[in-house]
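# Chains, contacts and geometry: an overview
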Amino acid sequence: MIWNPVGRACLAIALLATLSHAARAQTAADVFPLAPEDGLTVGVRPTFRIGASGTDLPKLKFRIVLSRDEFDTEAYVFDQLEDPDGWVYAALGGEFGAMYRVKKPLEDGEYEWRAEVWNGIEWLRGDTVYRLTVDGVPPADVEGLRMEVDHDRGGVVLDWDAVTTDRNGRPEYVRLYHVYRYKRRSFFFVIRPFEIATTEDTHYVDRDPEALDTSLVFYKITAEDEAGNEPERRF
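Residues numbered from 1 in each chain as written. Predicted model: local features only at pLDDT ≥ 70, side-chain atom pairs only at ≥ 80, totals over all residues. Heavy atoms only, no water.

Below, the discussion takes up the pairing of strand β4 (residues 61-67). Strand residues, when the strand is regular, have side chains that alternate between the two faces of the sheet. Most of β4 sits inside the fold, with six of its seven residues counted as buried. For β4 and strand β8 (residues 109-118), the ladder comprises seven bridges, and the chain directions are antiparallel. Of the residues in β8, the one forming a bridge with Arg63 is Glu116. Relative to strand β5 (residues 76-79), β4 is paired through four bridges, and the arrangement is antiparallel. Note that in β5 the partner of Leu66 across the bridge is Tyr76. (Buried < 20%, exposed > 50% of the residue type's maximum accessible area, 1.4 Å probe, protein only. Helix = DSSP H or I, 4+ residues; strand = E, 2+ residues; numbered from the N terminus. Pairing = 2+ DSSP bridges.)

See the structure below:
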């Protein structure tokens with residue numbers, strides 16, 4: 001075999017040029033969290049949205065890291081390289097990045113979370129950290145529902161007691177109430193409840209003529225908290 005130093009040098013230069021081009025093709029200048037917003041309370045399966053800046057952005061890969069102890073340990077890691085399922089690229093409001101929908105419920109509690117980006121060579125960590133509270137406990141059931149037919153006001157007047165605790169008895173912030181109406185259940189037919197309204201008040205007037213014309217009608221009120229939790233509806 002004839003040793004050709006010129007040929008080997010050219011090959012090495014070509015290889016370095018290829019690697020250099022690949023690195024430049026996926027240059028991430030920054031990566032940062034976008035949603036859920038800092039300090040927000042969410043349900044157990046939130047959707048995360050992260051942003052990035054750089055060049056050839058569609059080739060970047062992302063991961064999201066959640067921690068309970070300022071990242072001394074990692075509670076959850078969602079890695080697009082290891083498992084791309086659930087990830088989508090997104091360009092919203094002039095921001096390029098990605099969205100990830102959590103597939104399995106997260107444990108309740110308070111977390112910090114950050115975004116990282118794989119640029120083809122290494123993981124780059126964003127400097128911005130957001131706080132997040134996961135709440136999977138629905139509000140307590142609505143109690144004290146009162147109903148009165150008021151022909152002067154042309155409807156069925158509903159009032160109920162405000163919900164102030166969750167199902168475990170802890171303080172709760174209720175974002176809104178759902179109002180459901182259904183007719184009497186029979187032996188042969190299942191009932192067909194449907195939502196007629198949502199309200200932030202503990203008061204609602206159902207002015208649908210069907211409510212006044214029906215001989216017997218039922219109502220169900222449920223509370224929804226700021227994380228989107230709502231008690232199971234059983235009729």
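So, next bit.
As a further point, take the sheet that holds strand β11 (residues 146-150). Taken together, three strands build an open sheet; the order of strands is β11-β12-β15 and the sheet is antiparallel. Two strands lie at the open edges of the sheet, namely β11 and β15 (203-206), each paired on one side alone. Across the sheet, the mean angle from the axis of one strand to that of its neighbour is 20°, orientation sign disregarded. Sheet topology places strand β12 (residues 155-159) next to β15; four bridges connect them, and they run antiparallel. From the neighbouring strand, Leu158 faces β15, where its bridge partner is Tyr204. (Axes fitted to C-alpha atoms, helices over the stretch in contact; angles between N-to-C directions.)

In this fold, Glu110 is placed in strand β8. As for Glu110 and Asp69, which are separated by 41 residues in sequence, their C-alpha atoms are 9.6 Å apart. For Glu110, the residues in contact, after removing those within four places along its chain, are Ser67, Arg68, Leu132 and Thr133. (Contact = heavy atoms within 4.5 Å.)

Per-residue confidence for the protein chain gives a mean pLDDT of 85; residues scoring 70 or more make up 83%. Looking across the protein chain, the model is least confident in helix α1 (residues 5-25), with a mean pLDDT of 43, and most confident in β5, with 98. Contacts of residues 6-25 to residues separated by more than four positions or lying in other chains number five contacts, the stretch itself having pLDDT below 50. (pLDDT = per-residue confidence, 0-100.)

So, on to the pairing of strand β10 (residues 130-134). Only one face of β10 is buried: it carries Tyr130, Leu132 and Val134, and the other face, with Arg131 and Thr133, is open. The pairing of strand β2 (residues 40-42) with β10 spans three bridges and is classified as parallel. Each residue of the ladder has a partner; that of Thr41, found in β10, is Thr133. As defined by bridge partners, β8 adjoins β10 across five bridges and the pair is classed as antiparallel. For Glu110, the partnering residue across the bridge sits in β10 and is Thr133.

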